[in-house]
Amino acid sequence: MALDPVSIEVRALAVLELLAREAPASAYEEIGASARAAGATEAELAAVDKALEHAAVVRAQLGRRQQREASLSALVDTARDLTLPFDLDALLKVITRRARLLLNLDMAYISFYEDSESDGYVRTADGHATALTVGFRVPRQGGLGSASRRNSAPFWTSDYMADERIAHHPVIDEVVRAEGLHAILAVPLIGHGTSFGVLYSADRNVRHFTPEEVSLMASLGDLASVAIDKARVLNQARTDITALEQYSSKAKSHLTSAHRVNEIHQRMIGLLLEGSGLTALTALTADALGGTVSVLDPRGRTLAATGDLPPGNTPDVAEALLTQFADEPVQLAGDHWLVPVTAGTERLGGILLHTTAVLDEDELRLLQLAAGTTGVLLLMERNTAMAESQVRDEFCDALLSTPLRPLPQLRDRARILGIDLERPYAVVAIRPEGGSQGRAVVWASSYALVSGGLCSVRSDSIALLLPSEDPGATARQVSQELSPLLGHPVTVGAAGPTNRIEDFQPAYAEAVRCLSALGAIGGIGSSASAKELGFLGLLLGDHHSVRDYITHTIGPVIDYDTHRFTNLVQTLEAYFESGGSPTYAAEALHVHPNTVSRRLERMTALLGDDWQEPARALEVQLALRLHRTRDTLGNRQEDHPL
């Protein structure tokens, strides 16, 4: 309202009242106007103007104080906000938003530097921007940021492009032009004595920053540095805690799994101590790993299994066993895992696991422990078998020794050992061609025990007596299984079959002659039986036995003539001399052709259906000639005794 003061004192009090009421500027103008209207003197008007001038100064100071208080209040609010548990990106958003609002600017952004030698990059920005976006590379040299970081103090400009104090950089200048920026204030972010970034505030108008504004932004920069450092520490702490939790979880899981593996391994050891066999151990392994488990010998044959492998896509485990030298499990085709079973450098076989599950480290460890336990069990079984086989080997030595022990004594020992000598046996002689004979002896002893046969180590070879009616096939099987195990050739000769105790020693001698014959014809590393070699064994062997050859070839015919007083041998000679004609043979023998035909039928019954085939007929003719020559020489010795 209008005042009508009558004295200078009243007008001065009116000015003070306006100051107290924080009246607007128009109210002060009314005091001067009313004084002039009242006809105040020049001196009075000067006093009033002076009072109004002082009032304006006071009002300006109050305004600046209020602005400072508002800024400090905003800074306190900002500090309070920065104490909240933000992650780093959210915190940087808060800082740039507060920086822009504190000074009412167009935009604010923060750049980080990985080290003192690298360029910076914009980590966050607030305000409308088109070129200055997150990820923008800020050159290390040039611009306000480099000066601010170099001096560790705020650096500002009212008009960036027109300021010659700034070391301009073309990349920065291009962005400043694109954004239309003029006034820019850069505050360094310092942590642990090193500047790691810069807080920028910018406006698109020319603006002169006051010392209070610069100080306010510097304080915000200090608060931001502390908050960023705290956020980094918290983020690192969260990362470390998460890693520790994951590690703790993995450790607990690993301990649980390791405890399970140890428990199962203890159960495996318990099976060994209880005397359980390979089947029980294989079943426990399959139950623990959740698949089908097979225990294999060195040739890939199944010793024990919990089930059949799925058809198709089955790996060649025999080849894998021969080529896999590591003791760790290896994955084969078709969801198969193979781990060798070893004892030192000796390969005892392997364990084959089929499972569709993915095996972890502990399960692979369990599979490896199962292989080790299986190896111990196989060694125990082999040692037991070797103890038993030693007695059997001694009996085999007795069968092959010369002179032969009394037959009743040998039959009693065979009965005690549970050996059936009435079944046909093939007599096999083995000669390893190079390398140590020890592994071959161990294998032969185990093979004989498993096959129900006998083994003996002779001076010139390893002898095997194996149940078989086909010595040639038995020799080939022995060679095929033993040669890969030793890693060098094995020559095998065979004779028989025989089921007479007194015939084992002659059959062994015949098998040894097969070895000699094979060596003479360059057949080292091969196998053959006496029947397969025929007269070659007689001609090429080191120890010639005409009697054995005659007996083996035409012995049944000679025996028939001896016991029945017939002329089958003479008929055979006449038959071959007549070119295989029964009619001409009858004429030579002075008998009826039907008689010759009946005798030939008897030959077939004694010698077999193939005695007239070319190869067999040649051997029969050779045996007849040797038989006739031996008889002739024998008669001459009787006529001319010494």
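Everything that follows concerns the structure shown earlier in this document.
Notes on the structure follow. Owing to the predicted nature of the structure, the values given are computational and were not obtained by experimental measurement.

Conventions and cut-offs
Residues numbered from 1 in each chain as written. Predicted model: local features only at pLDDT ≥ 70, side-chain atom pairs only at ≥ 80, totals over all residues. Heavy atoms only, no water. Salt bridge = Lys/Arg side-chain N within 4 Å of Asp/Glu carboxyl O. Helix = DSSP H or I, 4+ residues; strand = E, 2+ residues; numbered from the N terminus. Buried < 20%, exposed > 50% of the residue type's maximum accessible area, 1.4 Å probe, protein only. Axes fitted to C-alpha atoms, helices over the stretch in contact; angles between N-to-C directions. Parallel < 35°, antiparallel > 145°, perpendicular 65-115°, else oblique. Left-handed = near helix turned anticlockwise from the far one by under 90°. Contact = heavy atoms within 4.5 Å. Nonpolar A, V, L, I, M, F, W, Y, C, P; charged D, E, K, R; others polar. Pairing = 2+ DSSP bridges. Arc of directions from axis to C-beta. Phe/Tyr/Trp six-rings, centres within 6.5 Å; stacked < 30°, edge-to-face > 60°. Lys NZ or Arg CZ within 6 Å of the ring centre and 35° of its normal.

## A closer look at the pattern of salt bridges
Okay, step 1: Applying the stated rule across the entire model yields eight salt bridges.
Okay, step 2: A salt bridge links Asp 89 to Arg 123; its shortest N-O distance comes to 2.9 Å. Taken together, the residues Asp 89 in helix H4 (residues 88-102) and Arg 123 in strand E2 (residues 120-127) connect sequence positions 34 residues apart.
Okay, step 3: Asp 89 sits in the partly exposed class, given a relative accessible area of 43%.
Okay, step 4: Overall, Arg 123 belongs to the partly exposed group, its relative accessible area being 25%.
Okay, step 5: With a shortest N-O distance of 2.9 Å, Glu 502 and Arg 500 are connected by a salt bridge.
Okay, step 6: Within this structure, Arg 97, Arg 100 and Asp 126 form a network of salt bridges that share partners.

## Things to note about the packing of helix H18 (residues 568-577) against helix H19 (residues 582-589)
Okay, step 1: Direction vectors running N to C along H18 and H19 enclose 125 degrees, while the axes themselves pass 8 Å from each other. Considered as vectors, H18 and H19 are oriented oblique to each other. Between H18 and H19 lies a crossing of right-handed hand. Within the contact between the two elements, H18 uses Gln 570, Thr 571, Ala 574 and Tyr 575 and H19 uses Pro 582, Ala 585 and Leu 589.
Okay, step 2: For the contact of H18 with H19, the per-class residue count stands at five nonpolar, two polar and no charged.

## Structural notes on the pairing of strand E14 (residues 462-467)
Okay, step 1: The buried fraction of E14 amounts to five of the six residues, a majority that puts the element mostly inside the structure.
Okay, step 2: Two strands pair when backbone bridges link them, and strand E12 (residues 425-432) and E14 are joined in this way by six bridges, in the antiparallel orientation. Residue pairing across strands places Tyr 425 opposite Pro 467, the latter belonging to E14.
Okay, step 3: Here strand E13 (residues 454-457) pairs with E14 via four bridges, running antiparallel. Of the residues in E14, the one forming a bridge with Cys 455 is Leu 464.
Okay, step 4: Counted between consecutive antiparallel strands, the loop separating E13 from E14 contains four residues.

## Side note on H18
Okay, step 1: The buried count for H18 comes to eight of ten residues, which makes it a mostly enclosed element.
Okay, step 2: Among all positions in H18, only Leu 568, Val 569, Thr 571, Leu 572, Glu 573, Ala 574, Tyr 575 and Phe 576 are buried.
Okay, step 3: Following H18 by one or two positions, Gly 579 adopts a phi angle in the positive range, close to 75 degrees.

## A few points about the pairing of strand E8 (residues 302-305)
Okay, step 1: Bridge count between strand E7 (residues 292-296) and E8: three bridges; the pairing is antiparallel. Residue pairing in the sheet places Leu 296 in a bridge with Thr 302 of E8.
Okay, step 2: Counted along the chain from E7 to the antiparallel partner E8, the turn is five residues long, and its residue Gly 300 has a positive phi close to 90 degrees.

## Here's the deal with the sheet that holds strand E10 (residues 336-343)
Okay, step 1: Strand order in the open sheet formed by five strands is E8-E7-E11-E10-E9, with antiparallel pairing between adjacent strands. Whereas interior strands pair on both sides, the edge strands pair on one side only; in this sheet they are E8 and strand E9 (330-332). Going from strand to strand, the sheet's axes swing by 25 degrees on average, the running direction of each strand aside.
Okay, step 2: When E7 meets strand E11 (residues 346-354), the two strands line up antiparallel, connected through five bridges. Considered in E11, the bridge of Leu 296 is made with Gly 350.

## Side note on the environment of Gly 375
Okay, step 1: Along the chain, Gly 375 turns up in helix H10 (residues 361-400).
Okay, step 2: Given the relative accessible area of 2%, Gly 375 is considered buried.
Okay, step 3: For the pair Gly 375 and Ala 343, spaced 32 residues apart in sequence, the C-alpha separation works out to 6.4 Å.
Okay, step 4: Look past the residues within four positions of Gly 375 in its chain and what remains in contact with it is Val 341 and Leu 348.

## Examining unusual backbone geometry
Okay, step 1: The omega torsion of the bond from Gly 496 to Pro 497 falls at 0 degrees, within 30 degrees of zero and hence cis.
Okay, step 2: The backbone of Asn 104 sits at a positive phi, close to 55 degrees, despite the residue not being glycine.
Okay, step 3: Residue placement: Asn 104 occurs in the loop between H4 and strand E1 (107-113).
Okay, step 4: Of note, His 590 is a non-glycine position whose phi angle comes to about 60 degrees, a positive value.
Okay, step 5: Positionally, His 590 belongs in the loop between H19 and helix H20 (593-607).
Okay, step 6: Here His 590 falls in the exposed class, since its relative accessible area comes to 74%.

## With respect to H19
Okay, step 1: If you check which residues of H19 are buried, you get Ala 585, Ala 586 and Leu 589. Seen along its axis, H19 keeps its buried residues to an arc of 105 degrees; they face one direction. Facing away from the buried surface of H19 by more than 90 degrees, the exposed residues are Tyr 584, Glu 587 and Ala 588.
Okay, step 2: Contacts made by the buried residues of H19 are with H18 and H20.
Okay, step 3: At the exit of H19 stands His 590, carrying a positive phi of roughly 60 degrees.

## A short note on the sheet that holds strand E5 (residues 183-191)
Okay, step 1: Pairing within the open sheet is antiparallel, and its six strands lie in the order E3-E2-E1-E6-E5-E4. The open sheet has two free edges, formed respectively by strand E3 (137-138) and strand E4 (155-157), since each of these has just one partner strand.
Okay, step 2: Pairing between E2 and E3: two bridges, direction antiparallel. Its bridge partner lying in E3, Gly 120 is registered against Val 138.

## Things to note about the packing of aromatic side chains
Okay, step 1: As enumerated under the stated definition, the model contains seven aromatic pairs in all.
Okay, step 2: On the numbers, 5.8 Å between centres and 65 degrees between planes, the contact of Phe 112 with Phe 196 is edge-to-face. Pair noted here: Phe 112 is in strand E1 and Phe 196 is in strand E6 (residues 194-203), with a separation of 84 residues, a long-range link. The same class applies to Phe 112 as to Phe 196, namely buried.
Okay, step 3: Aromatic ring contacts, followed pair by pair, group Tyr 575, Phe 576 and Trp 611 into a single cluster.
Okay, step 4: For Arg 232, the ring lying beneath its charged end belongs to Phe 112, and the centroid distance is 4.9 Å.

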